[in-house]
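As a plain string of letters, each chain reads:
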Amino acid sequence: MAPPIALPETFARAVAGLRSAAPRPEITLEEVGAPQRLAPFTFALSATVLRDGDEVATGRLILLHDPVGHEAWQGTLRLVTYVTAELEVDLAADPLLPGVGWTWLTDALDTHDAGHRAIGGTVTQTMSTRFGDLAGPPTAGDIEIRASWTPVDDDLTPHLLGWCALLASTAGLPPPGVTALSDRRPAGAA
């Protein structure tokens, strides 16, 4: 039996930060297998966002660590994400959606003081129209956000909280503590 591999301190602290943050109740996090060929050390989380009991968004956050670093990363740690959410057809068709989606990411990181550099990615909006025997709404829309960035230090708790805020935005959740008007019931209603 091979002896356990000692994890670099930077990577261990980064993983601990990702594990320590608690998302809002609509977001469920789960540790999943990470791609092994992208960096010597990897860790990954998946997320599911529920709204009114329905899955409305999913995501994956991957931590990469290469102790010797990468010039393109501008550091030894890199976070990579993929987030996808169903959208109302009108919103999915909006030509401003990609810019708004990118702002959801950058604002979420900034709001949670998740210092970063070398950020890049894509925002994709898709519309699908169903025909024939395919069940479901005749037209559906989605947004996909793929991005990566280099944290400026190894405390990744703010990055996880920012990522969860991105998930909430893509899922259309109201800010914490705010009740959506559609969720309010008239007085005396059951």
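Here we summarise the structure given alongside this text. The model shown is predicted, which means the values in this text are computed figures rather than measured ones. (Residues numbered from 1 in each chain as written. Predicted model: local features only at pLDDT ≥ 70, side-chain atom pairs only at ≥ 80, totals over all residues. Heavy atoms only, no water.)

Digging into a negative patch on the surface
Moving on, step 1. On the surface, a cluster of negative charge is contributed by D52, D54, E55 and E86.
Moving on, step 2. Position of E55 relative to the elements: it lies in strand β3 (residues 54–70). (Patch = residues over 30% accessible without salt bridge, like charges linked within 9 Å, V, L, I, M, F, W, Y side chains within 5 Å. Areas by Shrake-Rupley, 256 points an atom, 1.4 Å probe, with all protein chains shown as cover. Salt bridge = Lys/Arg side-chain N within 4 Å of Asp/Glu carboxyl O. Lys, Arg positive; Asp, Glu negative; His and termini not counted. Charge placed at Lys NZ, Arg CZ, Asp CG, Glu CD. Helix = DSSP H or I, 4+ residues; strand = E, 2+ residues; numbered from the N terminus.)

Notes on the nonpolar core
Note that soluble globular proteins tend to have their nonpolar side chains buried in a common cluster.
Moving on, step 1. Of all hydrophobic cores here, the largest spans 40 residues; its most connected members are L18, V49, L63, L160 and W163.
Moving on, step 2. Where this core is concerned, the elements lending two or more residues are α1 (9–20), β2 (41–51), β3, β4 (75–87), α3 (97–111), β6 (139–151) and α4 (157–171).
Moving on, step 3. In contact with L63, other than residues within four places in its own chain, are F11, A14, V15, L18, F41, T42, F43, L77, R78, L79 and L156.
Moving on, step 4. Membership of the second largest hydrophobic core comes to six residues, among which are A34, I62, L64 and W73. (Core = buried A, V, L, I, M, F, W, Y, C linked by side-chain atoms within 4.5 Å. Buried < 20%, exposed > 50% of the residue type's maximum accessible area, 1.4 Å probe, protein only. Contact = heavy atoms within 4.5 Å.)

Regarding the pattern of salt bridges
Moving on, step 1. If you walk through the whole model with that rule in mind, you get five salt bridges.
Moving on, step 2. Residues E9 and R13 are paired through a salt bridge, measuring 2.4 Å at the closest nitrogen-oxygen approach. A residue pair is termed a helical-turn pair when its members lie 3 or 4 positions apart in one helix, as E9 and R13 do in helix α1 at four residues.
Moving on, step 3. By relative accessible area, which is 58% here, E9 ends up exposed.

Some remarks on the packing of aromatic side chains
Moving on, step 1. As enumerated under the stated definition, the model contains one aromatic pair in all.
Moving on, step 2. Between the aromatic rings of F11 and F41, the centroid separation amounts to 5.7 Å while the plane-to-plane angle is 40°, which identifies the pairing as tilted. Residue F11 is found in helix α1, and its partner F41 is found in strand β2; the two are separated by 30 residues along the sequence.
Moving on, step 3. For F11, a relative accessible area of 5% translates into the label buried.
Moving on, step 4. Of the residues examined, F41 reaches a relative accessible area of 17% and is grouped as buried. (Phe/Tyr/Trp six-rings, centres within 6.5 Å; stacked < 30°, edge-to-face > 60°.)

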